[in-house]
Amino acid sequence: MATGFFTDATLCIGCKACEVACKQWNELPSDGFEFTGNSYDNTSQLSGTTWRHVDFVERESIDESGITASWSMLSDVCKHCTNAGCLEACPTGAIVRNEFGSVFVQPDICNGCGYCVVSCPFGVIDLIEAVGNGDDAGKYALATLHEDRLNDRKTAVQATGGVAGKCTLCYDRQRIGMVPACAKACPTESIQFGEIEELRERAKHRVETLLERGVDARLYGADDVGGGIGALNAFFLLTDSPEAYNLPVEPVLPSTRQAMGYAAAAAAALALATVGWAIFRGDGTDA
Amino acid sequence: MKSYYDRPLLKGPHWGSNVVTYLFLGGIMGGLGLISLLSDDRPEPEMKKLRKATRYTAFALAAINPPILISHLGRPERFLNMLRIVKFKSPMSLGVWGLVLYSGAAGANALRELADDGVVPRMLRFVAPSATVPIQALLGAFMAGYTGVLISATAIPLWAAGKRHIPAFSVCSGAASASALATLLSTLQGNHDVIPRLERLEMAAAALEIALVADFRKRGGAVTAPLFEGRVGKRLRDFTIIGGIVVPFALNAIGGAFKLPKSIDALRSIAASTLTLVGGYVLRESLIEAGKLSANDPHVAFRQPS
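Keep in mind that what you see is a predicted model, and the values were worked out from it rather than measured. (Residues numbered from 1 in each chain as written. Chains lettered and ligands numbered in written order. Predicted model: local features only at pLDDT ≥ 70, side-chain atom pairs only at ≥ 80, totals over all residues.)

1. Details of the overall build of chain B
Turning to step 1, where the next piece is worked out: Secondary structure assignment for chain B yields ten helices and zero strands.
Turning to step 2, where the next piece is worked out: Tracing chain B from N to C terminus, the helices and strands come up as α-α-α-α-α-α-α-α-α-α.
Turning to step 3, where the next piece is worked out: Relative to the 2.2 N^0.38 estimate, which gives 19 Å for 306 residues, the radius of gyration of chain B is 20 Å and therefore close to what a compact globule would have.
Turning to step 4, where the next piece is worked out: Taking the principal axes of the C-alpha coordinates as reference, chain B spans close to 70 × 50 × 30 Å.
Turning to step 5, where the next piece is worked out: In chain B, the share of contacts with a sequence separation of at least 24, taken over all contacts with a separation of at least 6, comes to 78%. (Helix = DSSP H or I, 4+ residues; strand = E, 2+ residues; numbered from the N terminus. Rg over C-alpha atoms; globule rule 2.2 N^0.38 Å. Contact = placed C-beta atoms within 7 Å.)

As structure tokens, this is what we get:
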């Protein structure tokens, strides 16, 4: 049974309880404070140590009553794609699909190569830099990350070289029948957790209801998003175009480009080998 | 244009100079595999010398390149995690196996040369049947090209848009750099007779490389701006396009067309080869640095290259 999230922008009040609950449960360190001036959003983005991020989209509209401003908030999260770029790119097999259909990073196997980071079409997964390694030396105390949760003593050691981090869809909570921390903490049920097919049904009803009320509502990722990615196990209800929430309109699964790449490399290699053969051995004195 | 406060949509690469060096040396390893094949089993003494030089050098690079790759993992022993699986969908996984197999083939071929020279017992020749030479060349072509496939099979718009061009000009750059390195080694060996051939190979690779880079620039449009404009673009133009391709090509053409005095010709050859090697490094460096800039522009990431 695949589980996932249905995150509804029309119900989000921007309280960031999801961000806090996620940080608390997963023992994720702070990313530091930066005052962005971008509405109420000082989190800015998902990161290796921020697995829920609330977008604050500010919009202006002009009508007979003058200028009105409106907000649309949305809690962004890892999409747990049907065909996941990070999972395909991972050379160690650290990123797997677990029994709940979620894309999960096994931190004791990840070796910090960083290939998943550039292979996510949604810019979700990132490296959690190691303690005493690089500019962030001492900033993070990662020794406890996942250690108790996954009961894996290797994890703490592993983390000292940097590991990839992203939403686990609260794998540990799901295994003991609990709801993920963000969905549990959400006071408005903007984040709904459940069996994916049921969530899709619910989302489609919700969009119909909203459209009847004259709300510009659309689903993102409930069905195939294109580009070879398929549907998203964490999908969204938006009231604006995807760009407004920093979501790609046309995401593409990176591995789909490989065949063309190998073919181009082979063609160039063959051309050079032919020319080289003529230069080195084309004088008729071949031994 | 709509965006979320112009915040980056994608995450850029965490890769630095050790990865750039790995990509650069991987290209050279690939090119040396080709030169080793081209000079294989030839009667001319200059070809024999070249063959030995390329095989020993390829083996030396196969020995130093993995530690460079491993150094970016933070903890070296974690490299072994790459060897848990073979994953055809991951160019990073295939590349690691390519590197391992290439190192084996390069080691076997170097050992055969050592056995022929009597440095190690002659009976050790059995580890390197003649098939290992074309095998090393094939794996070499893979080594030079897969890094281009690796970066274009990502979400970074600049790299993704180069899915045809980047792997192809990576191969060319690797072949040109390997020819340049072989030229330098031949100069050191006093093996001057083989240099004209190496320079012609280098010119062929450089010509194809610049044609592909120019075509990428022309077809890529706005998404290629981080590679060809600004700070990265200037560096690429100065050190790779002009300094690393056009100038060495001209120097090699002069060397091929005119009979220069020996000492001047040696200087010309050394200058051309050095410039080509610098250009090859800067090409890889520019690709990685421009990839970081490309990741920061959300507008090119909303509609991703197919």
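2. As for the overall build of chain A
Turning to step 1, where the next piece is worked out: What chain A contains, in helices and strands, is nine helices and ten strands.
Turning to step 2, where the next piece is worked out: Taking all 287 residues of chain A together, the buried fraction comes to 50%.
Turning to step 3, where the next piece is worked out: Pairs at least 24 apart in sequence give 64% of the contacts found in chain A among residues at least 6 apart. (Buried ≥ 20, exposed ≤ 12 C-beta atoms within 10 Å, placed from the backbone.)

3. Some points on the packing of helix H4 (residues 132-152) of chain B against helix H6 (residues 165-189) of chain B
Residue and element names in this part refer to chain B.
Turning to step 1, where the next piece is worked out: Closest axis-to-axis distance for the H4/H6 pair is 8 Å, and the angle between their directions is 145 degrees. By crossing handedness, the relation of H4 to H6 is classed as right-handed. Each of Ala141, Ala144, Gly145, Thr147, Gly148, Val149, Ile151 and Ser152 in H4 lies in contact with H6, whose residues at this interface are Ile166, Pro167, Ser170, Val171, Gly174 and Ala175.
Turning to step 2, where the next piece is worked out: Among the residues forming the contact of H4 with H6, the class breakdown is eight nonpolar, six polar and no charged. (Axes fitted to C-alpha atoms, helices over the stretch in contact; angles between N-to-C directions. Left-handed = near helix turned anticlockwise from the far one by under 90°. Nonpolar A, V, L, I, M, F, W, Y, C, P; charged D, E, K, R; others polar.)

4. Overview of the packing of helix H9 (residues 258-281) of chain A against H6(B)
In helix packing, the relevant descriptors are the interaxial angle and the interaxial distance, both defined with respect to the helix axes.
Turning to step 1, where the next piece is worked out: Running from N to C, H9(A) and H6(B) cross one another at 35 degrees; their axes reach a closest spacing of 7 Å. The handedness of the crossing between H9(A) and H6(B) comes out as right-handed. Taken together, the residues of H6(B) that come into contact with H9(A) (itself represented by Gly261(A), Ala264(A), Ala265(A), Ala267(A), Ala268(A), Ala269(A) and Leu272(A)) are Pro167(B), Ala168(B), Val171(B), Cys172(B) and Ala175(B).
Turning to step 2, where the next piece is worked out: Partitioned by chemical class, the residues of the contact of H9(A) with H6(B) number eleven nonpolar, one polar and no charged.

5. A closer look at the interface of chain B and chain A
Turning to step 1, where the next piece is worked out: Taken residue by residue, the interface counts 64 residues in chain B and 63 residues in chain A.
Turning to step 2, where the next piece is worked out: Residue assignment for the side of chain B that touches chain A shows that the elements contributing at least two residues are helix H1 (17-38), helix H3 (91-116), H4, H6 and helix H7 (195-220) of chain B.
Turning to step 3, where the next piece is worked out: Here the side of chain B that touches chain A takes six residues from H7(B), the largest share from any one element.
Turning to step 4, where the next piece is worked out: When grouped by side-chain class, the residues that make up the side of chain B that touches chain A number 36 nonpolar, 13 polar and 15 charged.

6. Focus on the confidence of the model for chain A
Regions with low pLDDT carry predicted coordinates that are not meant to be interpreted in detail.
Turning to step 1, where the next piece is worked out: Per-residue pLDDT for chain A has a mean of 88; in total, 87% of the residues score no lower than 70.
Turning to step 2, where the next piece is worked out: Per-residue pLDDT stays below 50 along residues 131-159 of chain A; that stretch engages in 37 contacts with residues further than four places along the chain or on separate chains. (pLDDT = per-residue confidence, 0-100.)

7. Examining unusual backbone geometry
Glycine aside, negative phi is the norm for most residues, and most peptide bonds take the trans geometry.
Residue and element names in this part refer to chain A.
Turning to step 1, where the next piece is worked out: Backbone geometry at leucine 169 places phi at a positive 55 degrees, although glycine is not the residue there.
Turning to step 2, where the next piece is worked out: Structurally, leucine 169 can be placed in the loop between strand S7 (163-165) and helix H6 (171-175).
Turning to step 3, where the next piece is worked out: Of the residues examined, leucine 169 has 26 C-beta atoms within 10 Å and is grouped as buried.
Turning to step 4, where the next piece is worked out: Even without being glycine, cysteine 170 reaches a positive phi, approximately 45 degrees.
Turning to step 5, where the next piece is worked out: Relative to the elements of secondary structure, cysteine 170 occurs in the loop between S7 and H6.
Turning to step 6, where the next piece is worked out: Look at cysteine 170 and you get buried, because 25 C-beta atoms sit within 10 Å.

8. A word on the sheet that holds strand S8 (residues 191-195) of chain A
Residues and elements named next belong to chain A.
Turning to step 1, where the next piece is worked out: An order of S8-S1-S10-S9 is seen for the four strands of this open sheet, with the pairing classed as mixed. The sheet terminates laterally at S8 and strand S9 (218-220), the two strands that pair on one side only. On average, each strand axis in the sheet is inclined to that of its neighbour by 25 degrees, with strand direction left out of account.
Turning to step 2, where the next piece is worked out: Relative to strand S10 (residues 234-238), strand S1 (residues 3-8) runs parallel, the two sharing four bridges. (Pairing = 2+ DSSP bridges.)

9. Side note on the nonpolar core
Turning to step 1, where the next piece is worked out: Cys86(A), Cys116(A), Leu272(A), Val171(B) and Cys172(B) are the most contacted members of the largest nonpolar core, which totals 181 residues.
Turning to step 2, where the next piece is worked out: A domain-level breakdown of this core finds at least three residues from each of domain 1 (1-252) and domain 2 (257-287) of chain A.
Turning to step 3, where the next piece is worked out: Among residues more than four places away in sequence, those in contact with Cys116(A) are Cys86(A), Ala89(A), Cys90(A), Ile95(A), Ile125(A) and Ala164(A). (Core = buried A, V, L, I, M, F, W, Y, C linked by C-beta atoms within 7 Å. Domains from an automatic or database assignment.)

10. So, the confidence of the model for chain B
Turning to step 1, where the next piece is worked out: Of all residues in chain B, 100% have pLDDT values of 70 or greater, and the mean over the chain is 95.
Turning to step 2, where the next piece is worked out: Both scores are given for the predicted complex: the pTM is 0.92, the ipTM 0.95.

11. A closer look at the environment of Ala176(B)
All names here are of chain B.
Turning to step 1, where the next piece is worked out: Looking at where alanine 176 falls in the secondary structure, it is placed in helix H6.
Turning to step 2, where the next piece is worked out: Considered as a pair, alanine 176 and alanine 295 are 119 residues apart in the sequence and their alpha carbons are 29 Å apart.
Turning to step 3, where the next piece is worked out: Not counting residues within four places of it along the chain, the set of residues in contact with alanine 176 comprises Glu202, Ala205, Ala206, Glu209, Thr276 and Gly280.

12. Re the pairing of S10(A)
All names here are of chain A.
Turning to step 1, where the next piece is worked out: Of all five residues in S10, five are buried; the element is thus mostly enclosed.
Turning to step 2, where the next piece is worked out: Along S10, one buried face is formed by Ala234, Phe236 and Leu238 and the opposite face, lined by Phe235 and Leu237, is buried too.
Turning to step 3, where the next piece is worked out: Strand direction decides the pairing type here: S9 and S10, joined by three bridges, are antiparallel. Along S10, the bridge assignment pairs tyrosine 220 with phenylalanine 236.

13. Focus on the pairing of strand S3 (residues 66-77) of chain A
All names here are of chain A.
Turning to step 1, where the next piece is worked out: Pairing analysis gives twelve bridges linking strand S2 (residues 52-63) to S3, with the strands arranged antiparallel. Within the sheet, the bridge partner assigned to valine 54 lies in S3 and is serine 75.
Turning to step 2, where the next piece is worked out: Counted along the chain from S2 to the antiparallel partner S3, the turn is two residues long.

14. Observations concerning the environment of Lys23(A)
Turning to step 1, where the next piece is worked out: Relative to the elements of secondary structure, Lys23(A) occurs in helix H1 (residues 17-26).
Turning to step 2, where the next piece is worked out: For Lys23(A), a count of 19 C-beta atoms within 10 Å puts it in the partly exposed group.

15. Describing the environment of Leu275(B)
Turning to step 1, where the next piece is worked out: Residue position: Leu275(B) is located in helix H10 (residues 262-295).
Turning to step 2, where the next piece is worked out: In this structure, Leu275(B) is in contact with Gly243(B), Gly244(B), Val247(B) and Pro248(B), ignoring residues within four places of it in sequence.

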